[in-house]
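Listed below are the residues making up each chain.
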Amino acid sequence: MTSPRIVVFGATGFTGRLTVEALLAMGARPALAGRDRARLDALVADLGVELPTEVADARRPESLRRIVRPGDVLVSTVGPFVRWGEAAVTAATDAGAVYLDSCGEPMFIKRIFQRYGPAAATRGAALVTAFGVDYVPGNLAATLALRKAGSEAVRVDVGYFFNGNIVKRASAGSRASALGVLLDPMYGFREGRIIREHGRTRQFRVGGRRRYGVSVGASEHFTLPPAHRGLREVNVYLGWFGGLTRTAGVLARAAPVIATLPGARKTTRALADRTLRTGDRAGQAHTRLSSQIVAESYDATGRLLASVRLDGGDPYDFTARILAWAATTALAEGVKGTGALGPVDAFGLDPLVQGCAAAGCREVP
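Residues numbered from 1 in each chain as written. Predicted model: local features only at pLDDT ≥ 70, side-chain atom pairs only at ≥ 80, totals over all residues. Heavy atoms only, no water.

The set of residues buried in helix H2 (residues 37-47) consists of Leu40, Leu43, Val44 and Leu47. The buried residues of H2 occupy an angular sector of 95° when the element is viewed end-on, so they sit on one face. Projecting away from the buried face of H2 at angles above 90 degrees are the exposed residues Ala38, Ala45 and Asp46. Residues of H2 that are buried in the fold lie against helix H1 (14-25), strand S2 (31-34) and strand S3 (53-55). Where H2 starts, the residue carrying a side-chain oxygen 2.9 Å from the main-chain nitrogen of alanine 38 turns out to be aspartate 36. Residue glycine 48 follows H2 closely and has a positive phi angle near 75°. (Buried < 20%, exposed > 50% of the residue type's maximum accessible area, 1.4 Å probe, protein only. Helix = DSSP H or I, 4+ residues; strand = E, 2+ residues; numbered from the N terminus. Arc of directions from axis to C-beta. Contact = heavy atoms within 4.5 Å. Polar contact = N/O pair within 3.5 Å; in protein donor to acceptor, adjacent residues only side chain to side chain.)

Dropping the structure here:
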């Protein structure tokens, strides 16, 4: 019998490589998986560390099922996840393994909780999606804000904001994922249930500044209500667009109509494919970013009960480090449950606080 191991699927991509480097820095020796043998060998040579490699392709799910074994921790950074993510989920589910991903795509996150999670639970597998800058910090900040608020809290709002040029820093995979979900239906959590919604915006005060965010479907909508039974409303907002956020909200509200136009989805998919083929920009690593995540809890009258802010550094560095922390923790100690799990469900609140701090994201007093 071989010992359980960490397998990074998509290791030669931008986020995949950062994750491998973060794992090596923590003393782990992951197996690297990808569809191109030559690129895998080149990565190992560049890293200067002997690591096992496996050829696996999301278009051939059996190639991934062959390499994932019971007790393994499978980290997937292969996107767009709506198109290519299922192979890794089914491989982890069939093996009874722990699955982690860097997904930020609303519809794939929804599938994890509503479709894939129940099947994973029956096989003893754990699926922990959206384990990066979207949406670990918001889960953590919201849980802390709800704990401070106590039983009166019925609503929580989460806002994600970046300082710096996110467009210049975005990887090819991130840009392709954003294009891929442009016309997808969005969702929120209101009146105790998941509902469709598009383009809601709101203003936050962050560090003395007014910051605007547009609503987005996220993992918080699924993870927070079961843990906080009094919650009736969960809202998640992205403030990536700066002064164009309200314009982005208008465009988001128009998305359902645009999606019905002949060829609209085919066009966005073709643009996503082209983005992936062009690869990452040469100057990408030199663009500096920092992140701010805010969570606010409210009572039934709309009175603010508690607010928590987390500050962090570069979102890609954080994603790589928190994935590495989660993978090494899961391999050594396991996770707390099976099926689809949120970050706090999987690892516990206090360990997650420590893990996020180690990855560079801490609460601001």
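Our next topic: the pattern of salt bridges. As enumerated under the stated definition, the model contains 16 salt bridges in all. Arginine 17 is the salt-bridge partner of aspartate 46, the closest N and O atoms lying 2.4 Å from each other. Of this pair, aspartate 46 sits in helix H2 while arginine 17 sits in helix H1, placing them 29 residues apart in sequence. The exposed category is assigned to aspartate 46, whose relative accessible area is 51%. On the basis of relative accessibility, which here comes to 27%, the residue arginine 17 falls in the partly exposed class. Close ionic contact of arginine 123 with aspartate 94 constitutes a salt bridge, the shortest N to O distance being 3.8 Å. (Salt bridge = Lys/Arg side-chain N within 4 Å of Asp/Glu carboxyl O.)

What follows is about the packing of helix H13 (residues 315-333) against helix H15 (residues 349-358). Contact geometry of H13 with H15 gives a least axis separation of 9 Å together with a crossing angle of 135°. Our classification of the angle between H13 and H15 gives oblique. Handedness of the crossing formed by H13 with H15: right-handed. Taking contact as the criterion, the partners of Phe318, Ile322 and Trp325 in H13 are, on H15, Pro351, Leu352, Gly355 and Cys356. The residue makeup of the contact of H13 with H15, split by class, is 6 nonpolar, 1 polar and no charged. (Axes fitted to C-alpha atoms, helices over the stretch in contact; angles between N-to-C directions. Parallel < 35°, antiparallel > 145°, perpendicular 65-115°, else oblique. Left-handed = near helix turned anticlockwise from the far one by under 90°. Nonpolar A, V, L, I, M, F, W, Y, C, P; charged D, E, K, R; others polar.)

Time to look at the sheet that holds strand S4 (residues 73-76). What holds strands together in a sheet is hydrogen bonding between their backbones, with the strands either parallel or antiparallel. Ordered by their spatial adjacency, 7 strands build an open sheet running S3-S2-S1-S4-S5-S6-S15, and the pairing between neighbours is parallel. The open sheet has two edge strands, S3 and strand S15 (339-340), and neither has a second partner. Note that strand S1 (residues 6-9) and S2 share 3 bridges and pair parallel. Bridged to valine 7 within S2 is alanine 31. Taken strand by strand, H1 contacts S1, S2 and S4, and its axis lies near 160° from that of S1. (Pairing = 2+ DSSP bridges.)

Before going further, it helps to spend a moment on the side chain of threonine 328. With respect to the helices, strands and loops of the structure, threonine 328 is situated in helix H13. At 2.9 Å, the side chain of threonine 328 and the backbone oxygen of alanine 324 are in polar contact. Those residues within four positions of threonine 328 in sequence are excluded, and the remaining contacts are Ile6, Leu23, Met26 and Ala28.

Residue glycine 79 is joined to proline 80 through a cis peptide bond whose omega torsion reads 0°. Here proline 80 shows up in the loop between S4 and helix H4 (81-84). Cis geometry is found at the peptide bond from aspartate 134 to tyrosine 135, where omega equals 15°. Relative to the helices and strands, tyrosine 135 resides in the loop between strand S6 (126-128) and helix H7 (136-149). Of note, the phi angle at glutamate 191 is positive, near 55°, even though the residue is not glycine. As for its position among the elements, glutamate 191 is in the loop between strand S8 (187-190) and strand S9 (193-196).

Before going further, it helps to spend a moment on the state of the cysteines. Considering all chains together, one arrives at 0 disulfides under this definition. Lacking any disulfide linkage, cysteine 356 is separated from the closest cysteine sulfur, that of cysteine 361, by 5.7 Å. (Disulfide = S-S within 2.5 Å.)

Turning to H1, a few remarks are in order. Taking 1.5 Å of rise per residue, the 12 residues of H1 would be expected to cover 16 Å, and the 17 Å separating its terminal C-alpha atoms lies within 8% of that figure. When we look at burial in H1, the residues that qualify are Thr15, Gly16, Leu18, Thr19, Val20, Ala22, Leu23 and Leu24. Once H1 finishes, glycine 27 follows within two positions and takes phi at roughly 90°, a positive value. (Expected span 1.5 Å × (residues − 1).)

Shape is all these values report; function is a separate question.
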